Amino acid sequence: MNKTFFTGFTFKPVINKRKNTNKTSFKELVYCVCIEEKPHTFIAYVNPKENVKFLKNYKIPFTNKSYSLLGRVKVFDVRKTKSKKPIIYIRDKYDAIHHPGTSAEYTPFCHNYVYSGYIIRYDDGYKFDIVEVIDYIDRCKHLVSNIDFNDK
């Protein structure tokens, strides 16, 4: 192996600096109800808790990461049945990662479904970051019993 010496030169490895996006998240897992305010426009109604003082109103948008289908085990079909009920697909983890689908076929949001996640504070306000789809609101009312939809 040939060795080459350069006099007067020093080489240092490049260190990647992380960009500060000025976002902070609350460490406590909270629940929200997804409401479709306009067609294909979803908003999170967050379950207020006494020890989480982050908002004046409990109606916040979803993060951009929440719109991604990659890794989502439960997704919904964009189309509805003839009786206007949502079609839910429960996929295995392999399909969710390697074959996530497109936004023309699937959506991670459905009206009146309960989601778990974290509230993240950005420069422009708060957003809800989805961790998991729990179930339809009638099946898990105990998780979101404090939400008052008429107050917003």
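These numbers were taken from a predicted model, which means no experiment stands behind them.

Asker: How should the overall build of the chain be read in this particular structure?
Answerer: The number of helices and strands found in the chain is 1 helix and 9 strands. Helices and strands appear in the chain in the N-to-C order β-β-β-β-β-β-α-β-β-β. Here the chain, with 152 residues, has 32% of them falling under the buried criterion. Considering only contacts within the chain whose residues lie at least 6 apart along the sequence, 59% involve residues at least 24 apart. A total of about 11300 Å² of accessible surface is found on the chain, and carbon and sulfur atoms cover 52% of it.

Asker: What am I meant to see in the confidence of the model for the chain here?
Answerer: Residues at a pLDDT of 70 or more form 75% of the chain, whose mean pLDDT is 81. Averaged pLDDT values for the elements of the chain fall to 60 in strand β1 (residues 24-25) and rise to 93 in strand β7 (residues 106-107).

Asker: What's the story with the sheet that holds strand β6 (residues 86-90) in this structure? I'm lost.
Answerer: Note: strands within a sheet are paired through backbone hydrogen bonds, in either parallel or antiparallel orientation. Strand order across the open sheet formed by 3 strands is β6-β5-β7, with antiparallel pairing between neighbours. Whereas interior strands pair on both sides, the edge strands pair on one side only; in this sheet they are β6 and β7.

Asker: Just to check I follow, could you spell out the nonpolar core for this structure?
Answerer: As a rule of thumb, soluble globular proteins bury nonpolar side chains together. Ranked by internal contacts, the top residues of the largest apolar core, which has 17 residues, are C32, V46, F62, F109, Y115 and F128. Contributing elements (two or more residues each) for this core: β2 (30-38), β3 (41-46), β8 (113-122) and β9 (125-136). Counting 10 residues, the second-largest nonpolar core is a separate cluster that includes V33, V114, I137 and C140.

Asker: Which parts of the structure should I look at to understand the layout of surface pockets?
Answerer: The volume enclosed by the largest pocket comes to roughly 280 Å³. Surrounding the largest pocket, 17 residues form its lining, H40, F42, V78, T107 and F109 being those nearest its centre. Within the residue set of the lining of the largest pocket, elements represented by two or more residues are β5 (74-80) and β7. For the lining of the largest pocket, the element with the most residues is β5, which contributes 4 residues. Classifying every residue of the lining of the largest pocket by side-chain character gives 10 nonpolar, 4 polar and 3 charged. Taken as a whole, the second largest pocket holds about 150 Å³ of empty space. As for the second largest pocket, its lining consists of L70, G71, R72, V73, K74, K93, V131, E132 and V133. The element contributing the most residues to the lining of the second largest pocket is β9, with 3 residues.

Asker: Would you take a moment to explain the packing of aromatic side chains for this structure?
Answerer: Given two aromatic rings, one states the distance between the centres and the angle between the planes to describe the pair. What the rule picks out here adds up to 9 aromatic pairs. A ring pair is formed by F76 and Y113, whose centres lie 4.9 Å apart and whose planes are at 65°; its orientation type is edge-to-face. A residue pair is termed long-range when its members are at least 10 positions apart, and F76 in strand β5 and Y113 in strand β8 qualify at 37 residues. Taken together, the ring pairs connect F42, F62, Y67, F109, Y115 and F128 into an aromatic cluster. Looking at R91, its charged tip hangs above the ring of Y106, at a distance of 5.8 Å from the centre.

Asker: Is there a simple way to explain the pattern of salt bridges in this structure?
Answerer: Charged atoms that come close allow side chains of opposite charge to pair. Following the criterion strictly, the structure yields 5 salt bridges and no others. In this structure, D135 and R139 form a salt bridge, with 3.1 Å as the shortest nitrogen-oxygen distance. One salt bridge in this structure joins K141 and D138, with 3.9 Å as the shortest N-O distance.

Conventions adopted
- Residues numbered from 1 in each chain as written.
- Predicted model: local features only at pLDDT ≥ 70, side-chain atom pairs only at ≥ 80, totals over all residues.
- Heavy atoms only, no water.
- Helix = DSSP H or I, 4+ residues; strand = E, 2+ residues; numbered from the N terminus.
- Buried < 20%, exposed > 50% of the residue type's maximum accessible area, 1.4 Å probe, protein only.
- Contact = heavy atoms within 4.5 Å.
- Areas by Shrake-Rupley, 256 points an atom, 1.4 Å probe, with all protein chains shown as cover.
- pLDDT = per-residue confidence, 0-100.
- Pairing = 2+ DSSP bridges.
- Core = buried A, V, L, I, M, F, W, Y, C linked by side-chain atoms within 4.5 Å.
- 1 Å grid on protein atoms, 1.4 Å probe; cavity = no way out; pocket = protein on both sides within 12 Å on 5 of 7 lines; lining within 4 Å.
- Points joined across faces, edges and corners; volume = space filled by probe spheres on them.
- Nonpolar A, V, L, I, M, F, W, Y, C, P; charged D, E, K, R; others polar.
- Phe/Tyr/Trp six-rings, centres within 6.5 Å; stacked < 30°, edge-to-face > 60°.
- Lys NZ or Arg CZ within 6 Å of the ring centre and 35° of its normal.
- Salt bridge = Lys/Arg side-chain N within 4 Å of Asp/Glu carboxyl O.

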